[in-house]
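# Structural description and commentary
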Amino acid sequence: MFQIIHNTVTRFLTQATVANVLFLIARVLIAYIFVMAGVNKLGVGYEGTAQYMASMGVSSFLLPLTIALEVGGGVALILGWQTRAIALLLAGFTVVAGIIFHGGSADQIQQIMLMKNISMAGGLLVLALTGAGRLSLDRKLYGDGV
């Protein structure tokens, strides 16, 4: 067991340059909001979210899919698995959700939320272009990354 841990740590430190670690941190920071949003919808927030979606003209049938995308996509980004595809999917989701739930309002908070979504989509598009980086499953499994 000790040898496995030693080999894993040694491999990580060999690959861990500043840029590689920053790629990992960036993925975690981008993914965090999706994972937390999805997890929050699973518990107490499920019914309230379903009602809010319905009030905005969106079928609550989409809520389980939304949760799966947020949690699953967020975890995939953290792990660096299928990063390019997941990042594109989350970028599209983020822009569409921003327009539906925050667009068209004169309320300053809603406008800021829309800008937040658009900014997040920009970061996700960068990941879609660059890949996950060296410290990722994509790199290990497919040789994809920076």
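This one's a predicted model, so the numbers in the text were calculated from it and none came from an experiment.

Their axes nearest at 11 Å, the elements helix H3 (residues 45-55) and helix H4 (residues 63-79) cross at an angle of 115°. Like other packed secondary-structure pairs, H3 and H4 cross with a definite hand, here right-handed. For the pair H3 and H4, the contacting residues are Tyr 46, Thr 49, Ala 50 and Met 53 in the first and Leu 63, Pro 64 and Ile 67 in the second. The class makeup of the residues in the contact of H3 with H4 is six nonpolar, one polar and no charged.

Note on placement: Ser 55 falls in helix H3. Spatially, the C-alpha atom of Ser 55 lies 29 Å from that of Val 75, the residues being 20 residues apart in sequence.

Here the focus is the pattern of salt bridges. The full count for this structure, using the stated rule, is one salt bridge. The partner of Glu 70 in a salt bridge is Lys 41, with the nearest N and O atoms 3.0 Å apart. Taken as a pair, Glu 70 in helix H4 and Lys 41 in helix H2 (residues 18-42) lie far apart in primary sequence, 29 residues in all. Here Glu 70 falls in the buried class, since its relative accessible area comes to 5%.

The next subject is unusual backbone geometry. In this structure, Gln 82 is a non-glycine residue whose phi angle is positive, near 55°. Counting through the fold element by element, Gln 82 comes out in the loop between H4 and helix H5 (83-102).

Let us look at a nonpolar patch on the surface. Taken together, the side chains of Val 28, Val 75, Ile 78, Leu 79, Trp 81, Leu 137, Leu 141 and Tyr 142 make up a nonpolar region of the molecular surface, amounting to roughly 680 Å² of accessible area. Elements with a minimum of two residues in the nonpolar patch: H4 and helix H7 (137-142). Inspection of the secondary structure assignment puts Leu 137 in helix H7. Residue class for Leu 137 comes out partly exposed when judged on its relative accessible area of 32%.

A separate point is the packing of H4 against H5. Closest axis-to-axis distance for the H4/H5 pair is 10 Å, and the angle between their directions is 140°. Between H4 and H5, the angle is such that the two are oblique. For the pair H4 and H5, the sense of crossing is left-handed. Residues Thr 66, Leu 69, Glu 70, Gly 73, Gly 74, Ala 76 and Leu 77 of H4 touch H5, and the partners they reach there are Thr 83, Ile 86, Ala 87, Leu 89, Leu 90 and Phe 93.

Conventions we followed
Residues numbered from 1 in each chain as written. Predicted model: local features only at pLDDT ≥ 70, side-chain atom pairs only at ≥ 80, totals over all residues. Heavy atoms only, no water. Axes fitted to C-alpha atoms, helices over the stretch in contact; angles between N-to-C directions. Helix = DSSP H or I, 4+ residues; strand = E, 2+ residues; numbered from the N terminus. Left-handed = near helix turned anticlockwise from the far one by under 90°. Contact = heavy atoms within 4.5 Å. Nonpolar A, V, L, I, M, F, W, Y, C, P; charged D, E, K, R; others polar. Salt bridge = Lys/Arg side-chain N within 4 Å of Asp/Glu carboxyl O. Buried < 20%, exposed > 50% of the residue type's maximum accessible area, 1.4 Å probe, protein only. Patch = residues over 30% accessible without salt bridge, like charges linked within 9 Å, V, L, I, M, F, W, Y side chains within 5 Å. Areas by Shrake-Rupley, 256 points an atom, 1.4 Å probe, with all protein chains shown as cover. Parallel < 35°, antiparallel > 145°, perpendicular 65-115°, else oblique.

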